[in-house]
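Residues per chain are reported as follows:
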There are 2 protein chains.
Amino acid sequence: MSLTEDRKEVPLYIKINPIDNVAIVVNSGGLPEGTVFACGLELKEHIPQGHKVALADIEQDGEILRYGEVIGYAVHSIIKGSWIDESLVRMPTPPDLDELSIGNKVPQPLPPLEGYTFEGFRNANGTAATKNILGISTSVQCVAGVLDYAVKRIKEEILPQYPNVEDVVALNHNYGCGVAIDAPEAIVPIRTLQNLATHPNFGGEIMVVGLGCEKLAPEKLIPDGDAATIVVLQEQRGFHQMVEKITKEAEEQLKRLNSRKRVTCPISDLVVGMQCGGSDAFSGVTANPAVGYAADLLVRAGATVLFSEVTEVRDGIHLLTPRAVNEEVGRKLIQEMKWYDHYLDLGEVDRSANTTPGNKRGGLANIVEKALGSIAKSGSSAIVGVLSPGEKAKEKGLIYAATPASDFVCGTLQLASGIHVQVFTTGRGTPYGLAMAPVIKVGTRNALAQQWHDLIDVNAGQIATGEATIEEVGWEIFRMIIEVASGRKETWAEHWGLHNALCLFNPAPVT
Amino acid sequence: MSLTEDRKEVPLYIKINPIDNVAIVVNSGGLPEGTVFACGLELKEHIPQGHKVALADIEQDGEILRYGEVIGYAVHSIIKGSWIDESLVRMPTPPDLDELSIGNKVPQPLPPLEGYTFEGFRNANGTAATKNILGISTSVQCVAGVLDYAVKRIKEEILPQYPNVEDVVALNHNYGCGVAIDAPEAIVPIRTLQNLATHPNFGGEIMVVGLGCEKLAPEKLIPDGDAATIVVLQEQRGFHQMVEKITKEAEEQLKRLNSRKRVTCPISDLVVGMQCGGSDAFSGVTANPAVGYAADLLVRAGATVLFSEVTEVRDGIHLLTPRAVNEEVGRKLIQEMKWYDHYLDLGEVDRSANTTPGNKRGGLANIVEKALGSIAKSGSSAIVGVLSPGEKAKEKGLIYAATPASDFVCGTLQLASGIHVQVFTTGRGTPYGLAMAPVIKVGTRNALAQQWHDLIDVNAGQIATGEATIEEVGWEIFRMIIEVASGRKETWAEHWGLHNALCLFNPAPVT
Ligand SMILES: [Ca+2]
Ligand SMILES: [Ca+2]
Ligand SMILES: [Ca+2]
Ligand SMILES: [Ca+2]
Ligand SMILES: [Ca+2]
């Protein structure tokens with residue numbers, strides 16, 4: 001990345017790769033026609049912030065290069081200094097999944113990072129936790145109204161007596177009854193619910209509220225041989241007794257959870273998820289590379305790091321399969337891409353359905369450009385594992401966890417995969433939060449960090465203006481993960497109690 | 001329907017149609033081997049309550065008849081007095097959609113029922129309402145956490161100052177951003193959200209909270225030319241200001257809504273939805289026929305009645321197309337069945353995915369038997385219109401509103417179609433409720449009404465034991481609709497504030 005200047009007032013652009021023939025305008029509010037950069041480049045027209053300027057003349061059908069990759073072809077000839085609006089960019093075909101190199105550029109292991117720990121909770125099965133939460137799972141959507149009523153009462157009347165328990169969370173969702181439970185793809189929502197029910201932040205306590213006539217019986221959420229509390233509403237004598245029963249069973253679990261204390265755990269016990277939402281052209285040059293740097297630090301310290309979002313990886317897949325640690329991992333990565341291509345085909349759309357109007361206003365021409373910025377979150381280490389949607393992470397190191405890009409769908413699936421903390425980068429801004437694990441929000445622009453002063457936890461915008469380096473912000477994120485995982489620092493989402501409902505990924509039909 | 005006896009202690013079965021060769025056991029706990037009915041039939045084995053007894057010998061591959069229809073074929077020969085468990089019933093193929101008669105048995109209009117009114121709210125556009133609610137719509141799931149926080153505060157601090165407003169409801173959902181907005185089927189969730197935003201129970205006040213970068217822009221939820229309040233979170237200076245802004249805008253609408261008073265409205269202004277959930281073998285002989293009788297009363301009084309649930313209609317479609325008022329309505333009915341067949345095909349399942357373990361324990365052998373009981377909710381009048389999922393009802397009279405059978409998906413779609421009240425029948429029992437409109441729950445069995453004494457509003461179980469007739473319970477439901485629509489009587493779900501979140505039907509892929 002080359003910065004032409006490091007002060008705010010002078011015109012700035014960011015060029016990522018030496019071969020790029022476009023760069024993005026840094027200055028807030030954009031830059032007017034006639035602006036001259038230090039390098040001598042003169043703007044032929046106004047260019048909004050985050051949008052692309054042509055660094056050289058590009059002929060019709062010529063390659064438009066960013067991140068050293070072709071992000072598209074010129075619809076007509078473009079003169080140096082012009083604004084390359086999305087309408088000028090013809091999208092390339094996605095990488096051919098049958099022609100990818102696997103494992104031919106596996107990165108060498110990075111030097112180990114030793115001595116970092118966090119203060120977490122130790123579970124009986126050996127896993128660690130960053131929160132001490134009572135989670136109440138549900139086997140079917142029908143029970144949600146009753147459980148909401150009961151949980152409100154438990155939080156108001158019972159929880160205050162158990163100060164070491166941080167929250168009571170109802171795992172409500174839209175699944176369980178009117179579902180094609182034998183459809184081939186039903187395994188996705190089912191294993192997601194199974195893995196959510198045993199999330200490490202629930203301290204090994206499993207509680208399920210079911211109705212009694214649902215297809216997804218409560219027992220199906222509980223691993224064989226594990227102790228669990230099940231409340232079946234059809235066995236209760238009415239609403240009042242349902243609420244009493246749930247409250248009483250919850251209190252038994254609260255007593256046990258309340259006896260837990262934070263203990264020192266190695267960083268290698270952590271599972272950290274990376275996601276982006278509301279991306280702009282800065283995502284790929286500020287927040288995502290800083291998160292990628294933090295991902296490398298975590299991997300060096302022995303932790304597990306997940307990155308996700310198939311439609312934002314699909315167009316950069318040729319940059320990822322060479323990093324697969326072996327043939328099997330590379331094949332599974334390709335298989336997840338193929339599964340998603342087919343899934344989108346059935347719905348008569350393709351990956352171009354991903355980009356939003358906000359992405360485009362933010363300067364992203366298409367999904368190719370978005371993807372190249374998105375995969376920066378993965379850092380630079382070898383990819384040691386691949387998870388299908390909702391599978392639990394088992395390996396240490398960098399793992400690709402296949403999920404839709406949609407923020408709360410990805411969040412729910414990463415929780416099922418076992419994340420203890422999520423790092424979420426945002427350019428346009430989204431007030432994202434999860435109930436089951438802390439979320440650290442990283443903003444891509446100074447203006448967003450100023451505007452959303454009580455929502456953005458880390459400002460990576462300083463990277464664009466030269467006030468901070470990727471390394472510095474990467475370390476800031478890494479240290480913040482430790483503080484948040486230890487309960488010493490609250491994220492803004494935790495501070496406000498801000499979170500969305502779970503959002504299951506169900507590729508099977510609804511009946 | 002023939003009842004062999006009308007006292008509880010003697011053995012009872014229900015045979016629906018004179019040609020049926022099976023009947024269901026009425027007695028709670030079932031009946032033991034050797035039981036002799038008044039007609040002389042003797043049980044060859046124990047038969048659980050709600051399960052089928054063979055009234056005659058049936059040879060292998062012979063027709064098993066209930067509701068005067070073939071519900072399946074005998075897997076092996078069955079002796080008179082035996083239990084016909086689901087494993088003995090081979091499912092028939094569904095009616096061929098290209099071979100259906102249309103409009104050849106259009107029922108004559110039933111005699112008008114005059115003079116019935118309810119005390120509702122009158123909207124500026126001429127529609128009526130049964131509730132006076134501030135509804136706050138959302139264009140994207142990302143805003144849900146912030147809106148939940150704001151609505152909690154509004155309900156606690158502001159709403160008490162506006163006593164004529166009954167509730168503040170956040171219309172949160174899982175849609176808007178990471179969605180294939182141009183997919184052919186995306187029209188379903190989009191029009192659902194559009195029609196929910198303008199639900200008559202919101203009194204013509206339209207308020208939408210959006211993020212700012214979503215595909216489904218807030219403006220897309222608002223009909224052309226309608227006044228509306230839009231709050232865009234990306235335009236606010238942080239979380240605190242978001243909450244302030246939503247609260248301030250909501251209060252403006254609360255002031256206007258608070259000035260409204262109930263006025264006398266004709267029943268013909270009502271739109272009533274019929275649904276069943278957690279069905280058993282009694283659903284089709286007690287609750288659903290009583291609801292069908294109430295549907296006829298509503299149609300006679302000039303109201304609009306919706307029935308739904310494609311997979312529960314599919315196997316009885318040959319009984320419905322003859323009731324279509326004209327060729328166009330009949331064709332649209334068939335088209336909705338074909339759309340769903342195709343939708344299930346894509347997911348590699350068929351309509352047999354509908355029945356739940358609870359249905360089967362309740363005595364329903366398969367979806368054919370379930371469907372024949374389910375369509376009883378439609379009563380006996382002509383079908384005058386058909387709605388695709390989420391379309392708004394325009395005609396008066398009986399309308400088929402195509403929806404999945406899944407309870408909260410159907411509920412959400414019927415709300416989009418404009419229902420003011422829903423009547424919900426349940427056999428196994430589900431604590432169902434909606435936030436936007438009252439739900440009257442009708443139980444199919446005496447035991448359920450006793451057990452769930454503080455959840456079931458109407459007990460249709462007395463029909464099975466001969467303590468009440470279908471007509472009597474039908475009138476009870478009709479009168480209760482009027483009381484509930486007038487705000488004079490609270491349903492149990494209203495009493496407890498019991499409701500589930502909206503559950504959008506999105507047949508398009510998630511990206
Ligand atoms: Ca993203
Ligand atoms: Ca995302
Ligand atoms: Ca049903
Ligand atoms: Ca239903
Ligand atoms: Ca209600």
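Per an unreviewed UniProt entry, chain A goes by the name Galactarate dehydratase and belongs to Pelosinus fermentans B4. We quote the UniProt Cofactor (unreviewed entry) comment for chain A here in full: "Fe(2+)". Recorded in UniProt for chain A, the comment headed Function (unreviewed entry) runs: "Catalyzes the dehydration of galactarate to form 5-dehydro-4-deoxy-D-glucarate (5-KDG)."

The next subject is the interface of chain B and chain A. On the chain A side, the residues contacting the 70 residues of chain B number 70 residues. When chain B packs against chain A, close to 5400 Å² is buried across both sides, 60% of that on carbon and sulfur atoms. Our enumeration of links across chain B and chain A arrives at zero salt bridges. At the boundary of chain B and chain A, one finds 39 residue pairs in polar contact (both at pLDDT 80 or more). Contributing elements (two or more residues each) for the side of chain B that touches chain A: α1 (144-158), α3 (239-258), α6 (327-346), α7 (357-361), α9 (407-416) and α10 (446-451) of chain B. Its residues assigned to classes, the side of chain B that touches chain A shows 35 nonpolar, 25 polar and ten charged.

Now for the pairing of strand β6 (residues 69-74) of chain A. Along any regular strand, the residues point their side chains to alternate faces of the sheet. Residue and element names in this part refer to chain A. Across four bridges, strand β5 (residues 63-66) lies against β6 in antiparallel orientation. For Ile64, the partnering residue across the bridge sits in β6 and is Gly72. Inspection of the sheet shows β6 paired to strand β8 (residues 89-90) by two bridges, in the antiparallel sense. Counted as the bridge partner of Ala74 is Val89 from β8.

Now for the sheet that holds strand β9 (residues 117-122) of chain A. Strand order in this open sheet of three strands is β10-β9-β15 (chain A), and the pairing throughout is antiparallel. For this open sheet the edge positions go to β10 (128-129) and β15 (263-266) of chain A, each flanked by a neighbour on one side alone.

With that settled, the discussion passes to empty space enclosed by the protein. Gaps left between atoms show up when a probe the size of a water molecule is rolled over them. Within the structure shown, the criterion is met by five cavities of 30 Å³ or more. Its volume calculated, the largest cavity comes out at about 150 Å³. Gly278, Thr356, Lys370 and Asp407 of chain A together with Cys177 of chain B are, among the 19 residues lining the largest cavity, the residues nearest its centre. A breakdown of the residues in the lining of the largest cavity according to their chemical character gives six nonpolar, ten polar and three charged. Computed from the structure, the second largest cavity encloses a volume of approximately 120 Å³. For the second largest cavity, the lining is made up of 17 residues, of which Cys177 of chain A together with Glu312, Lys370, Ala405 and Asp407 of chain B are closest to its centre. Of the residues assigned to the lining of the second largest cavity, the class counts are four nonpolar, nine polar and four charged.

Analysis parameters
Residues numbered from 1 in each chain as written. Chains lettered and ligands numbered in written order. Predicted model: local features only at pLDDT ≥ 70, side-chain atom pairs only at ≥ 80, totals over all residues. Heavy atoms only, no water. UniProt positions renumbered as here; feature names shortened; annotations may be inferred. Contact = heavy atoms within 4.5 Å. Buried area = accessible area lost by both parts, 1.4 Å probe. Salt bridge = Lys/Arg side-chain N within 4 Å of Asp/Glu carboxyl O. Polar contact = N/O pair within 3.5 Å; in protein donor to acceptor, adjacent residues only side chain to side chain. Helix = DSSP H or I, 4+ residues; strand = E, 2+ residues; numbered from the N terminus. Nonpolar A, V, L, I, M, F, W, Y, C, P; charged D, E, K, R; others polar. Pairing = 2+ DSSP bridges. 1 Å grid on protein atoms, 1.4 Å probe; cavity = no way out; pocket = protein on both sides within 12 Å on 5 of 7 lines; lining within 4 Å. Points joined across faces, edges and corners; volume = space filled by probe spheres on them.

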